[in-house]
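What follows is the residue order along each chain.
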Amino acid sequence: MSFAVVSSLYPHTRSTVLKESIMTATYTFDVFSSLDGYGSHSGNWGGNWGKQGPEFLNRRLAQYSEEQRMVLGANTFRLFVRLIGPSTGELKELDPVNTRMRSMPTTVVSTTLEGPLDWPDATLVSGDAVDVVARLKEESEVPLRSHGSLSLNRALMAAGLVDRVQVTLFPVITGQTGQAPIFQGAADFDLALIESRTLDGNIQELVYRPTLHV
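Residues numbered from 1 in each chain as written. Predicted model: local features only at pLDDT ≥ 70, side-chain atom pairs only at ≥ 80, totals over all residues. Heavy atoms only, no water.

A word on the overall build of the chain. Along its length, the chain carries five helices and 10 strands. Looking at the chain residue by residue over its 214 residues, the buried ones come to 46%. In the chain, the proportion of contacts linking residues at least 24 apart, taken out of those at least 6 apart, comes to 78%. (Helix = DSSP H or I, 4+ residues; strand = E, 2+ residues; numbered from the N terminus. Buried < 20%, exposed > 50% of the residue type's maximum accessible area, 1.4 Å probe, protein only. Contact = heavy atoms within 4.5 Å.)

Next up, the structure:
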């Protein structure tokens, strides 16, 4: 299952000077990708392009079991609700990873959604994503993580708010069925590789520290 869906929020980029000394919470942009840079597909691949295995699932569960707060845009949040299930009514049968994701404290940044949100522990915040996340980084006592929400995270990267870009690279090329190009329209960045691992023999998890290229 891939949640990497383009959010319509804040497609702009802007130059924002942020003092690192006041940034207490690390922000990770976590995204699934095909080799050709798409976050999802319209084909018959299935969830996670049909490539997930036990090492991948165990790794995801370990990462999401850590104490942290999710940050999502409106479209990705809607997809979460549709695929995982709301907090009321009949819930879908979930694997341990999605069960954990559903229970995490979550901030949803949106100017289109109205509260209360039908999600166990979600806070809806209206406003500019850059301002919202800058404030969260100052105030949060736990790390921040976002999955998908591509436009939102491109804007946050341009503002210098993303500390880590975690790309899980699946061994597929979706030249005909690829959707949601992850970095289309993004600013230019230099990337420093800080972590890498191979899962199930063919999935690559790559973690970078992005720096705006000037």
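After that view of the structure, there is still more to cover.
Moving on, we come to the pairing of strand E10 (residues 203–212). As judged from the five bridges shared by strand E7 (residues 164–169) and E10, these two strands associate in the antiparallel manner. Paired with valine 165 across the two strands is tyrosine 208, which belongs to E10. Two elements, strand E9 (residues 189–199) and E10, share 10 bridges in a ladder whose sense is antiparallel. Along E10, the bridge assignment pairs serine 196 with leucine 206. Linkage of E9 to E10, two consecutive antiparallel strands, is achieved through a turn of three residues, within which aspartate 200 is found at a positive phi near 55°. (Pairing = 2+ DSSP bridges.)

If you trace the eight strands from one edge of the open sheet to the other, you get E5-E4-E3-E6-E1-E7-E10-E9, paired in mixed fashion. On the outer flanks of this sheet lie strand E5 (122–125) and E9, each paired with one strand and no other. Each adjacent strand pair in this sheet contributes to an overall mean axis angle of 25°, direction not counted. The pairing of strand E1 (residues 27–33) with strand E6 (residues 144–147) spans four bridges and is parallel. Paired with threonine 28 across the two strands is arginine 145, which belongs to E6. (Axes fitted to C-alpha atoms, helices over the stretch in contact; angles between N-to-C directions.)

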